[in-house]
Every structure is written in C-alpha cells, then in structure tokens.
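Summary of the model geometry
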Amino acid sequence: MHRRHFLGSATLAAAALVLPLAHGGAALAAPRRRVLPLPLNPGDTVGLVSPSAATDDPLDLQLAQEAMQALGLKVRLAPHLASRRGHLAGSDAERAGDLNAMFADREVRAIVCVRGGSGAARLLPLLDYEAIRRNPKVLLGYSDITALHNALLSQAGLVSFHGPIGSGSWNAFNADQFRRVFFAREPMQYRNVSDPGDELVQRRNRTVTITGGTARGELVGGNLSVLVALAGSRYLPDFRGKILFLEDVSEAPYRVDRMLSTLKLMGALDQVAGVIFGECTECDPGGGFGSLTLPQIFDDHFKPLKVPAYRGAMIGHIRQQFIVPVGGQVEMDADAGTFRMLEPVFQG
C-alpha cells in the first residue's frame, strides 16, 4: 500500500500553506463539541462500505461479510461496495453517497470500511457532517480511513475507531478487541501482548520509551502519510493538548522524516501533550546510500518536545491491532508503553 503519489513536492507546499499554525493554529478546524456514537450490541446491523480503493478479489467482500456475521452482527452492503473506477471503489459521488446513506439509515448501528488504499480524502467535501452529527455511530477502519477519522472529528466532533478493516485479518486478538471495545464497552487498557516466542527476551511487540512520563488528552492521528496529506485543510483537527498517535507502511525513513518535519513546520508537534508511534511496517532504507534510522528520526523530532513519547504500540499495518478511539480521552504512560481510556466512548 504505497502513498508516495500523495506526497512528493506537494508535502512541502502544504507545509508552506500552514506555517501560520505555529503562531496560533488559525488554519486548524475549530474545535467541535465531542459526539459519542451509539453503542453496538450483538444482533445489530453493521454497514459495509468501501470509501477508498476497490477490492481486486470479490472473495474479500465475502470474507468481510462473513467476519461480521461471525461476530454476531447482521450486515448491510453498500450499493457500490464492489464498484470500480480506476483504482477507486466507484466514483467519489457513489462512495460518499454510500457513506452518507449508512449514517442516515436508522437500522445501521455501525459502519465498517472494507479496505483502505487511497481515495478517502476525495470524499471529505461531499460528506453531510450535520446529518452525521444527528446520527452518530461507530466507524471502523485504518490506513487511508485516517482521512475520514480526522474529518469526522474536526467537522462533526464524532469519536470514531482506528482498527481492523473488514477484509483484513479477524484473528483471535482482533476479534477479542472488537468484542471488548464495542460489545462489552470496556474502559480499555492498551498494553502490547507479551510474545517472546522462542527468544530468551522479548523482541516482537516490544515498546521503546523515547521520553518518559505520563500525559492525558484526546487521542488524534492515524496513518502519518494520510494525516500529513490533510495539511492546510479544514479537515485536520486541533492538536493542542492532544495525544498524537501515528503509524505507516512502506515509507523509507527519509520520507518519514520529511512528513514529521511537515508536522513540525505547521506547528502541530509543538502543541501535542504526548506521542504514541505504532509500527512503521516495511519502512527500511533503500537506494544504496546511507540513511538516518527510524529511532534517530524519532529522537530528532520527539525528544525536543519534552513530552511523553514511546514507539512500538500495536497500531498499524500489522496482523494484531488495537482498536482505539479517535477523539477519545486517554492517559498514556511512556515508561510502561501503555495507554488507557479515561472516559466512555459510547452514548450511555
């Protein structure tokens, strides 16, 4: 899943557009009153939508439907779920129409995105945010769905959920996360699974402290590439006092450095209360020349902030994923490599 065509020189241009953020954040979306989604229970109906790239194998759509049914839910398929226009799952109007219709449908209690890819940002001007505020419900997805999470938070105040897509792996860990977050509505504590395998000490799922300490705030962020591509738009939320979480895939370290530089130049990094970096999967240097390492890049960008920060959380393009509330209030502990919900993220 490559997003390099989103960035390139456009990233630096976007940074120039939002430089005034460092002097008060005027270009950020005005804070909206937070809106909690309706609770979800077994037997409820979920809508499957495809707001980004098309699915190249019809079996993926069937697997997504079967996974939701195996979780004890009824499924409603969006009319254009299997459509295709170039790499997209239908035209912008079709995909936005499906999403608006699912929010308006009173029988649908949650919306699950079948996949990411690219293209969700094209829908943001076409969404009916006032109707979404009147009909708040769960939206689940990650990667390119970051564009939707941030738009729903900044424009409607809606808390949504960064986690597995419908056609992704519904292994035991992900299914357990789903049931605990949505059905049991637990005040979740997000701690990496201990999995040393046959190693003497744990290597997989290990967190690394960048700057120690604890912090509280609203959780914002998602996929780094997609988040930075929103720079200069009204769809980027306010970063002041927030806990920023990030992840990415298939990006060389110099690109990660450039995107974090953009967040720095636009004033966003200087405003956050804490940073949680998940996994940067397949983010290895290439091209036969020297490169900064990701730990060096993280130290360069996060240590000067003097706020709690750690990396390695189970967030990102990995098989086992946390389901986290974008817009939810959390407390992070960078020394322990954990964070937890502070308040309910569903209507009472």
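Residues numbered from 1 in each chain as written. Predicted model: local features only at pLDDT ≥ 70, side-chain atom pairs only at ≥ 80, totals over all residues. Heavy atoms only, no water.

Under the annotation held in an unreviewed UniProt entry, the protein chain carries the name LD-carboxypeptidase and is attributed to Pseudoxanthomonas daejeonensis.

Description of the overall build of the protein chain
Quick note on the threshold: Helix and strand assignments come from DSSP, with helices taken as H or I runs of at least 4 residues and strands as E runs of at least 2, each series counted from the N terminus. Each residue is assigned to one of three classes by its accessible area relative to the maximum for its type, calculated with a 1.4 Å probe on protein chains only: buried under 20%, partly exposed between the two thresholds, exposed over 50%. Residues count as neighbours in contact if any of their non-hydrogen atoms are within 4.5 Å of one another. Shrake-Rupley sampling with a 1.4 Å probe provides the accessible areas, and residues are treated as covered by the protein chains on show and by no other component. His is not counted, nor are the chain ends, whereas Lys and Arg count as positive and Asp and Glu as negative. The location of each charge is read from NZ of Lys, CZ of Arg, CG of Asp or CD of Glu.
Looking only at helices and strands, one finds 9 helices and 14 strands in the protein chain. Projected onto its principal axes, the C-alpha coordinates of the protein chain cover approximately 50 × 50 × 45 Å. Relative to its full complement of 348 residues, the protein chain shows a buried share of 57%. Nonlocal contacts in the protein chain, meaning residues at least 24 apart in sequence, comprise 81% of its contacts between residues at least 6 apart. A total accessible area of about 13,800 Å² is found for the protein chain, and carbon and sulfur atoms account for 51% of it. Charge centroids of the protein chain, computed over 36 positive and 34 negative side chains, lie 5 Å from each other.

Considering the nonpolar core
Counted only if it meets this: Residues belong to a common nonpolar core when they are buried Ala, Val, Leu, Ile, Met, Phe, Trp, Tyr or Cys residues joined through side-chain atoms within 4.5 Å.
Counting residues in hydrophobic clusters, the biggest one holds 104 residues, and the most contacted among them are Phe161, Phe178, Phe182, Phe302 and Phe339. Beyond its immediate sequence surroundings of up to four residues, Phe178 is in contact with Leu40, Leu71, Leu73, Leu140, Trp170, Phe183 and Ile323.

So, the confidence of the model for the protein chain
Inclusion rule: pLDDT is a per-residue confidence score from the predictor, ranging from 0 to 100.
On average, the protein chain scores 91 in pLDDT, and the residues at 70 or more come to 90%. Contacts for the low-pLDDT stretch residues 1–27, under 50 throughout, to residues beyond four places or in other chains number 52 contacts.

Here's the deal with the sheet that holds strand 1 (residues 45–49)
Here is the rule we go by: Should DSSP find at least two bridges between two strands, the strands are regarded as paired. Simply put, an axis is a line fit to the C-alpha atoms, just over the touching stretch for a helix, and the angle between two N-to-C directions goes from 0 to 180 degrees.
Strands sit in the order 2-1-3-4-5-12 across an open sheet of 6 strands; the sheet is mixed. The open sheet is flanked by strand 2 (74–77) and strand 12 (324–326), the only strands paired with a single partner. Strand-to-strand twist of the sheet, defined as the mean angle between neighbouring strand axes without regard to direction, takes the value 30°. One ladder, built from 2 bridges, connects strand 4 (residues 138–141) with strand 5 (residues 160–162); its direction is parallel. Across the sheet, the residue bridging to Gly141 is His162, located in strand 5.

A word on the packing of aromatic side chains
Note the cut-off: Aromatic rings from Phe, Tyr and Trp, with only the six-membered ring used for Trp, were paired whenever their centres fell within 6.5 Å, and each pair was classed as stacked if the ring planes differed by under 30 degrees, edge-to-face if by over 60, and tilted otherwise.
For the coordinates displayed, the defined rule picks out 13 aromatic pairs. For the ring pair Phe178 and Phe182, a centre distance of 4.7 Å and an interplane angle of 65° mean the geometry is edge-to-face. Separated by 4 residues within a single helix, Phe178 and Phe182 lie in helix 6 (residues 172–183), roughly one turn from each other. Side by side, Phe178 and Phe182 carry an identical accessibility label, which is buried. With centroids separated by 4.5 Å and ring planes inclined at 40°, the aromatic side chains of Phe277 and Phe298 adopt a geometry described as tilted. A residue pair is termed long-range when its members are at least 10 positions apart, and Phe277 in strand 10 (residues 274–281) and Phe298 in helix 9 (residues 294–302) qualify at 21 residues. Given the relative accessible area of 4%, Phe298 is considered buried. Through a chain of ring-to-ring contacts, three or more aromatic side chains come together here, namely Phe161, Trp170, Phe178, Phe182, Phe183 and Phe346.

Structural notes on the sheet that holds strand 8 (residues 214–223)
Sheet strands pair via backbone hydrogen bonds, and the direction of the pair is either parallel or antiparallel. The strand order across the open sheet built from 8 strands is 6-14-13-8-9-10-11-7, with neighbouring strands paired in mixed fashion. Each edge of the sheet is formed by a strand with only one pairing partner; in this case those strands are strand 6 (189–191) and strand 7 (208–211). The sheet shows a mean angle of 30° between the axes of neighbouring strands, taken without regard to direction. As paired elements, strand 10 and strand 11 (residues 309–311) share 3 bridges and run parallel to each other. In the sheet register, Ile276 faces strand 11, and the bridge partner there is Tyr310.

Topic: the pairing of strand 10
Condition: A clockwise course of the path from the first strand over the helix to the second, judged with the strands pointing away from the viewer, identifies a crossover as right-handed.
Where burial is concerned, most of strand 10 is hidden: 6 out of the 8 residues are buried. Summarising the sheet, strand 9 (residues 243–249) and strand 10 pair through 6 bridges and their orientation is parallel. Pairing of Leu244 across the sheet is with Val275, part of strand 10. In this region the chain leaves strand 9, passes through helix 8 (residues 253–265) and returns to the parallel neighbour strand 10; the handedness of that crossover is right-handed.

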